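What follows is the residue order along each chain.
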Amino acid sequence: MAADLAVQRLRVDDAVTARRWDEFVMGCPDASFFHRAGWQQVIQQAFGHACFFLYVERAGRIEGVLPLAQVKSLLFGHALVGLPFGVYGGVAAVNDEAAQVLEREAQQIAQRLGAAHLELRHVRQRHADWPQQDLYVTFRKEILPEEEANMLAIPRKQRAMVRKGIKNGLQSQLDAGVERFFALYADNVHRHGTPAMPKRYFQLLRDVFGADCEVLTVTAADGRPLSSVLSFYFRDEVLPYYAGDDESARDLAANDFKYWELMRRACARGLKVFDYGRSKQGTGSYAFKKNWGFEPTPLHYEYCLYKREAVPQNNPSNAKYQLLIRAWRRLPIGVANWLGPFLVKNLG
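Worth saying up front: this structure is predicted, and the values here are computed from it rather than measured.

## Let's talk about the overall build of the chain
In step 1: When its secondary structure is counted, the chain shows 12 helices and 15 strands.
In step 2: Per-residue burial over the chain gives 53% buried out of 348 residues.
In step 3: The contacts of the chain with a sequence gap of at least 6 include a subset with a gap of at least 24, amounting to 72%.
In step 4: Put simply, the chain shows about 15800 Å² of open surface, and 51% of that area lies on carbon and sulfur atoms.

Dropping the structure here:
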């Protein structure tokens, strides 16, 4: 009975319940890395957003969780999102009863806050009758048990790029900090005309998630950093999530080599799934992942609209942002890195 389910809100300083929350997440088939309790600390400290990490329990056992954060700005609107800065989110529950209780609570909170909409980033569709965002897909593929089998599973042209990187004497190392990663990432997104996340955000990810958040950097034969990726580890999966490349990386095949090295290391660890993450249909990253032999799976971002008529389109594909993108590219990178965090916090 739904009446037996008590809706609770996780306090950021409640370490005991956070451990129970994460134990539930690790065992729930619908959960993802973005359901982990640590995101509340990261989002609050890095961006100052109010968080509502909801869970339901019955007889002392958690049956569902729903991490939410309020994102509010004049430029991009007012939303309650599960979960900003995550490609997956929404409800993770062991039964539909618990999921429905959490979703009702989320709707009540969104309306009480005066949000224009509620957004839940589900992998599997839950509400066919809710407005949907059909722009995004995800790419996931099995990691085979043998290193050479994974190499041969890469389509021929892309495999040739990996071998080119090996021939060029590229090396990969795991970084203790985020310095090399951030320099490459910030330069990369600036060239694409989008603001960078603050360095503090990436350091918080490392601090909060520990060994489950890792930075791998590829260097040239002379030691010069060329390409870097920050990845998450969840159960038996690796999720390369944020990345950056030097302009010279393309000619040396450093980007392909980077992802091969991540896959090779994951294989050696006995991991089973390589999650290439979200891409927008029709983009370069979408084509790149297809060229690696990954097939797209639609994501189901579902909305309750309260003060708007249509699903928001706060992404670089929206034509109305093209002028801003061109202007951003012309900013000195120091100015862009200073100003970027004020904008990107509202783009979650």
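## Re the pairing of strand S4 (residues 77–82)
In step 1: Of all six residues in S4, five are buried; the element is thus mostly enclosed.
In step 2: Pairing of strand S3 (residues 61–73) with S4 involves five bridges; the strand directions are antiparallel. If you follow Gln70 over to S4, its bridge partner there is Leu80.

## A short note on the environment of Arg265
In step 1: When you line up the elements, Arg265 lands in helix H9 (residues 254–268).
In step 2: Exposure remark for Arg265: the relative accessible area of 24% places this residue in the partly exposed category.
In step 3: In this structure the C-alpha to C-alpha distance between Arg265 and Glu147, which are 118 residues apart in sequence, comes to 8.9 Å.
In step 4: Setting aside chain neighbours within four positions, we find Arg265 in contact with Ser172, Gln173, Leu174 and Leu216.

## Some thoughts on the packing of aromatic side chains
In step 1: Going through the model one piece at a time under the given rule, you end up with 37 aromatic pairs.
In step 2: Judged by centre distance (5.0 Å) and plane angle (45 degrees), the rings of Phe34 and Tyr241 are tilted. Taken together, the residues span a long stretch of sequence, with Phe34 in the loop between helix H1 (15–27) and helix H2 (38–47) and Tyr241 in strand S12 (residues 237–245) at a distance of 207 residues.
In step 3: Taking NZ or CZ as reference, Arg278 lies 3.9 Å from the ring centre of Tyr136, over its face.

## Thoughts on the side chain of Gln40
In step 1: Mapped onto the fold, Gln40 is located in helix H2.
In step 2: For Gln40, a relative accessible area of 2% corresponds to the buried category.
In step 3: Among the polar contacts listed, one links the side chain of Gln40 to the backbone oxygen of Leu10, at a separation of 3.3 Å.
In step 4: Leave out the neighbours within four places in its chain, and Gln40 touches Leu10, Arg11, Val12, Cys51 and Phe53.

## Points about the packing of helix H5 (residues 156–167) against H9
In step 1: Their axes nearest at 8 Å, the elements H5 and H9 cross at an angle of 95 degrees. Comparing their axes, H9 and H5 come out roughly perpendicular. Every residue of H9 that contacts H5 at Gln158, Met161, Val162, Gly165 and Ile166 is listed here: Asp256, Phe257 and Trp260.
In step 2: When grouped by side-chain class, the residues that make up the contact of H5 with H9 number five nonpolar, two polar and one charged.

## Brief notes about H1
Residues separated by three or four positions in an α-helix point in the same direction, a consequence of the helix having 3.6 residues per turn.
In step 1: The terminal C-alpha atoms of H1, which comprises 13 residues, lie 19 Å apart, in line with the 18 Å expected from a rise of 1.5 Å per residue.
In step 2: Considered for burial, the residues of H1 that qualify are Thr17, Ala18, Trp21, Asp22, Phe24 and Val25. Looking down the long axis of H1, one finds its buried residues gathered within 155 degrees of arc, a one-sided arrangement. Opposite the packed face of H1, turned more than 90 degrees from it, sit the exposed residues Val16, Arg19, Glu23 and Gly27.
In step 3: For H1, the secondary structure elements touched by its buried residues are strand S2 (51–58), S3, strand S5 (92–93) and strand S11 (225–234).

Calculation notes
Starting from 1, residues in each chain are numbered consecutively following that chain's sequence as written. The model is predicted, so local features are restricted to residues of pLDDT at least 70 and side-chain atom pairs to those at 80 or more, both for listing and for counting; the totals for chains, interfaces and linings are taken over all residues. Where side-chain values are given, they derive from all heavy atoms of the structure, hydrogens and water being excluded. Where helices and strands are cited, they refer to DSSP runs of H or I of at least four residues and of E of at least two residues respectively, numbered from the N terminus. Burial classification: accessible surface area is computed with a 1.4 Å probe over protein chains only, and a residue below 20% of its type maximum counts as buried, one above 50% as exposed, and the rest as partly exposed. Whether two residues are in contact is decided by their heavy atoms: any pair within 4.5 Å suffices. To be clear on the numbers: accessible area is Shrake-Rupley with a 1.4 Å probe, and residue cover counts the displayed protein chains and nothing else. Only when DSSP finds a minimum of two bridges between them are two strands counted as paired. Paired rings are identified among Phe, Tyr and Trp, the last through its six-membered ring, by centres lying within 6.5 Å, and are further divided according to the angle between planes into stacked (under 30 degrees), edge-to-face (over 60) and tilted (the rest). Our definition puts a charge over a ring when NZ of Lys or CZ of Arg is within 6 Å of the ring centre and also within 35 degrees of the ring normal. Distance and chemistry together define a polar contact, namely a pair of N or O atoms within 3.5 Å, with one atom able to donate a hydrogen and the other to accept it when in protein, and with adjacent residues in sequence counting only for side-chain atoms on both sides. Each axis is a line fitted through C-alpha atoms, taken for helices only over the stretch in contact, and angles between the N-to-C directions span 0 to 180 degrees. For classification, angles of less than 35 degrees are called roughly parallel, those exceeding 145 degrees roughly antiparallel, those between 65 and 115 degrees roughly perpendicular, and all remaining angles oblique. The residue classification treats Ala, Val, Leu, Ile, Met, Phe, Trp, Tyr, Cys and Pro as nonpolar and Asp, Glu, Lys and Arg as charged. All others, Gly included, are polar. Helix span, expected: 1.5 Å multiplied by one less than the number of residues in the helix. Starting at the helix axis, one direction is taken to each C-beta atom, and the arc is that of these directions.

Coordinates in, geometry out; function isn't part of it.
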